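# Remarks on the overall topology
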Amino acid sequence: MTTLIILLVAALLSIHSTEAHLQFDAQKGEFRILQVADMHYANGRTTPCRDVFPYQMSRCSDLNTTAFLNRVIAAENPDLIVFTGDNIFQSDSSDAAASLDNGFSPAVSSGIPWAAVLGNHDQEGPLSREGVMNHIVGMKNTLSQMNPTDAGQIDGFGNYNLEVHGVKGTSFAAKSVLNLYFLDSGDYSTIPSIPGYGWIKPSQERWFKRTSAQLRRKYREKPEPQRKAAPGLAYFHIPLPEYADINPSERVGVTQDPISSASINSGFFTTLKKAGDVKAVFVGHDHLNDFCGKVKNISLCYAGGFGYHAYGLAGWSRRTRLVSVALEKNEDDESWGGVGSIKTWKRLDDENLTITDEELLWSRN
């Protein structure tokens with residue numbers, strides 16, 4: 001009974017935090033998301049960088065990752081920061097909990113709400129995958145959740161959704177006009193006959209389908225009943241096999257790594273397509289890929305590698321992806337309505353925090 005009460009209280013606190021923090025800006029009608037992929041944080045100052053020029057090695061460490069995160073938060077002032085896995089590189093960490101605290105510290109100290117999912121390296125040490133996610137959930141300002149309390153048995157740790165409501169004082173203030181889905185894409189296959197990386201399992205797909213259906217139904221209800229679903233974005237670590245289906249000539253960004261998806265196709269892309277609300281998917285994992293491209297009108301995007309202890313390419317700047325979701329204005333009274341467009345760009349960790357590859361991912365019109 002005590003455990004049940006704790007879970008219920010945690011769920012209520014999570015719902016309250018989401019309602020309190022995730023709301024579109026009333027001035028600009030915008031919600032901005034900063035994606036951080038593959039920090040690979042370990043021991044801070046004593047952890048060396050990988051794949052930088054020799055002259056940079058003596059003064060390069062995890063602290064460069066911290067500095068980049070601080071710079072881009074200050075430059076972009078996002079409404080939400082999303083970490084898409086391999087947040088720490090536990091096999092090189094002397095204290096996994098300290099690595100998590102230090103890696104996420106710029107997000108925590110910024111006071112900006114943040115969320116995280118796990119990659120394939122986070123748990124490679126004494127702290128289990130469940131233990132890593134449990135630590136994240138307990139940190140300040142995070143909206144991360146272990147798993148939905150109403151999902152029953154579900155694979156992985158860190159499957160949850162967040163709602164972003166319309167502007168306060170409008171008829172959309174009590175409605176989620178943007179839905180964010182976070183999933184644990186696993187680490188490695190546990191089936192001997194299937195080599196390679198993990199994948200999103202049927203139990204997670206069932207949770208997504210049920211959650212998406214509930215949100216789509218609520219969006220059609222009063223106040224301001226809508227005919228079409230509110231758009232959704234999905235964040236996880238390992239790319240879907242469909243990333244390889246994007247025509248190379250239609251990719252905005254670069255492809256310098258193989259697309260390291262699972263060796264089987266679990267069908268999650270088909271599930272996303274049938275649900276119809278998710279307009280874009282964002283992953284990490286392959287650090288030297290930073291492209292976006294469309295498959296059947298769903299944008300599939302990489303962020304590019306962020307962390308300096310992660311493998312990279314000397315001379316190719318570490319980078320991060322931004323997403324800007326903009327509301328439409330009602331013609332009759334100039335009030336903010338539902339989502340009108342979704343745009344993205346990247347920031348490079350160079351002298352000028354260069355903006356590159358600005359593109360429109362989706363527009364209602």
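Residues numbered from 1 in each chain as written. Predicted model: local features only at pLDDT ≥ 70, side-chain atom pairs only at ≥ 80, totals over all residues. Heavy atoms only, no water.

### Concerning the state of the cysteines
- Inspection of every chain in the model, using the stated rule, returns two disulfides.
- A disulfide bridge connects C49 with C60, and the sulfur atoms are separated by 1.9 Å. In this structure the cystine formed by C49 and C60 twists about its S-S bond by roughly -85°; its chirality is therefore left-handed. Residue C49 is located in the loop between β1 (30-36) and α2 (62-76), and its partner C60 is located in the loop between β1 and α2; the two are separated by 11 residues in the primary sequence. (Disulfide = S-S within 2.5 Å. Helix = DSSP H or I, 4+ residues; strand = E, 2+ residues; numbered from the N terminus.)

### Some points on a negative patch on the surface
- A cluster of acidic residues, E224, E331, D332 and D333, forms a negative patch on the protein surface.
- Here D332 shows up in the loop between β10 (319-329) and β11 (336-348).
- A relative accessible area of 70% means that D332 is categorised as exposed. (Patch = residues over 30% accessible without salt bridge, like charges linked within 9 Å, V, L, I, M, F, W, Y side chains within 5 Å. Areas by Shrake-Rupley, 256 points an atom, 1.4 Å probe, with all protein chains shown as cover. Salt bridge = Lys/Arg side-chain N within 4 Å of Asp/Glu carboxyl O. Lys, Arg positive; Asp, Glu negative; His and termini not counted. Charge placed at Lys NZ, Arg CZ, Asp CG, Glu CD. Buried < 20%, exposed > 50% of the residue type's maximum accessible area, 1.4 Å probe, protein only.)

### Examining the sheet that holds strand β5 (residues 176-182)
- In spatial order, the strands read β4-β5-β6-β7-β9-β8; together these six strands make up an open sheet with mixed pairing. Looking at which strands have only one partner, the edges of the open sheet turn out to be β4 (160-165) and β8 (292-295). Ignoring which end each strand starts from, the neighbouring axes of this sheet average 20° apart.
- Here strand β7 (residues 278-283) runs beside strand β9 (residues 298-302); their pairing, made up of four bridges, is parallel. (Pairing = 2+ DSSP bridges. Axes fitted to C-alpha atoms, helices over the stretch in contact; angles between N-to-C directions.)

### With respect to the environment of Q35
- Locating Q35 in the fold gives a position in strand β1.
- Of the residues examined, Q35 reaches a relative accessible area of 2% and is grouped as buried.
- The spacing of Q35 and P113 is 78 residues in sequence and 13 Å in space, taken between C-alpha atoms.
- Contacts of Q35, omitting those with residues within four sequence positions, involve V82, T84, Y235, F282, V283, G284, A303, T320 and R321.
- Reaching out from Q35, the side chain makes a polar contact with the backbone oxygen of V283 at a distance of 3.1 Å. (Contact = heavy atoms within 4.5 Å. Polar contact = N/O pair within 3.5 Å; in protein donor to acceptor, adjacent residues only side chain to side chain.)

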